[in-house]
Amino acid sequence: MGFAYLALAIVFEVAGTTSMKLSEGFTKPLWVIPLVLGYLASLGLLTLSLRTLSIGTAYAVWSGLGTALVVLVGLVLFRETLTWGQWLSVALIIAGVAGLNLLGIAHT
């Protein structure tokens, strides 16, 4: 169940971060509501995931996959671009998250 909570926490973190961009520095107050709700839900679900997952690995997966997905949102929704070095960096983040899980240290 810990990984299910963690996956949902990542989804809500990405939604909160996307809403942060859409709020345009809090100048569009309607986007502040999903920003706050997204982060509250994300942190709550991350906390629930810690019942069965180690804190270091859960946080690394949450922040790493969240970062990679936010990069994808930036590319698709906001038409941002990446240099080859940025692509490599995102790939290394994903490889690190995969490595943590494949090495079996994700459980307490």
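Look up a bit, the structure's there.
Description of the structure in this document.

About the cut-offs
Residues numbered from 1 in each chain as written. Predicted model: local features only at pLDDT ≥ 70, side-chain atom pairs only at ≥ 80, totals over all residues. Heavy atoms only, no water. Helix = DSSP H or I, 4+ residues; strand = E, 2+ residues; numbered from the N terminus. Expected span 1.5 Å × (residues − 1). Contact = heavy atoms within 4.5 Å. Salt bridge = Lys/Arg side-chain N within 4 Å of Asp/Glu carboxyl O. Buried < 20%, exposed > 50% of the residue type's maximum accessible area, 1.4 Å probe, protein only. Core = buried A, V, L, I, M, F, W, Y, C linked by side-chain atoms within 4.5 Å. Axes fitted to C-alpha atoms, helices over the stretch in contact; angles between N-to-C directions. Parallel < 35°, antiparallel > 145°, perpendicular 65-115°, else oblique. Left-handed = near helix turned anticlockwise from the far one by under 90°. Nonpolar A, V, L, I, M, F, W, Y, C, P; charged D, E, K, R; others polar. Phe/Tyr/Trp six-rings, centres within 6.5 Å; stacked < 30°, edge-to-face > 60°. Lys NZ or Arg CZ within 6 Å of the ring centre and 35° of its normal.

### Re helix α2 (residues 32–49)
Relative to the 26 Å expected for 18 residues at 1.5 Å per residue, α2 spans 26 Å between its end C-alpha atoms, a close match to the ideal helical length. Next to the buried residues of α2 lie α1 (2–22) and α3 (55–77).

### Some thoughts on the pattern of salt bridges
Close approach of charged atoms allows side chains with opposite charge to pair. Scanning the model with the defined rule gives 1 salt bridge in all. Of the charged contacts, one joins K28 and E24 as a salt bridge, the two residues approaching to 3.3 Å between their closest N and O atoms. A relative accessible area of 38% means that K28 is categorised as partly exposed.

### A word on the environment of L45
Relative to the assigned elements, L45 resides in helix α2. Beyond its immediate sequence surroundings of up to four residues, L45 is in contact with Y5, L8, A9 and F12.

### Let's talk about the nonpolar core
Counting residues in hydrophobic clusters, the biggest one holds 12 residues: L6, A9, I10, V14, L45, L46, L53, A58, V61, W62, V73 and V97. Elements with a minimum of two residues in this core: α1, α2 and α3. Beyond its immediate stretch of four places on either side in the chain, I10 contacts V61, W62, L65, G66 and L69.

### A word on the packing of α1 against α3
Where α1 contacts α3, the axes come no closer than 9 Å and their chain directions differ by 45°. Compared by their axis directions, α1 and α3 come out oblique. Here α1 runs over α3; the crossing is right-handed. Across the interface between the two elements, L6, A9, I10, E13, V14, T17 and T18 of α1 pack against A58, V61, W62, L65, G66, L69, V70, V73 and L77 of α3. A per-class count over the contact of α1 with α3 returns 12 nonpolar, 3 polar and 1 charged.

### Notes on the packing of α2 against α3
Two elements in contact, α2 and α3, have axes separated by 10 Å at closest approach and are oriented at 145°. Taken as a pair, α2 and α3 cross one another with a handedness that is right-handed. Contact residues: α2 offers S42, L43, L46 and S49, while α3 offers A58, Y59 and W62. In the contact of α2 with α3, the residues fall into 5 nonpolar, 2 polar and no charged.

### Some details on the packing of aromatic side chains
Tallied over the entire structure, the rule returns 1 aromatic pair. When the ring of Y59 is compared with that of W62, the centres are 5.5 Å apart and the planes differ by 40°; the resulting orientation is tilted. Of the two residues, Y59 and W62 are both situated in helix α3; the distance of 3 residues between them amounts to about one turn of the helix. Taking the relative accessible area as the measure of exposure, Y59 reaches 48% and is therefore partly exposed. Seen from the ring of F78, K21 lies directly overhead, with NZ or CZ sitting 5.6 Å from the centre.

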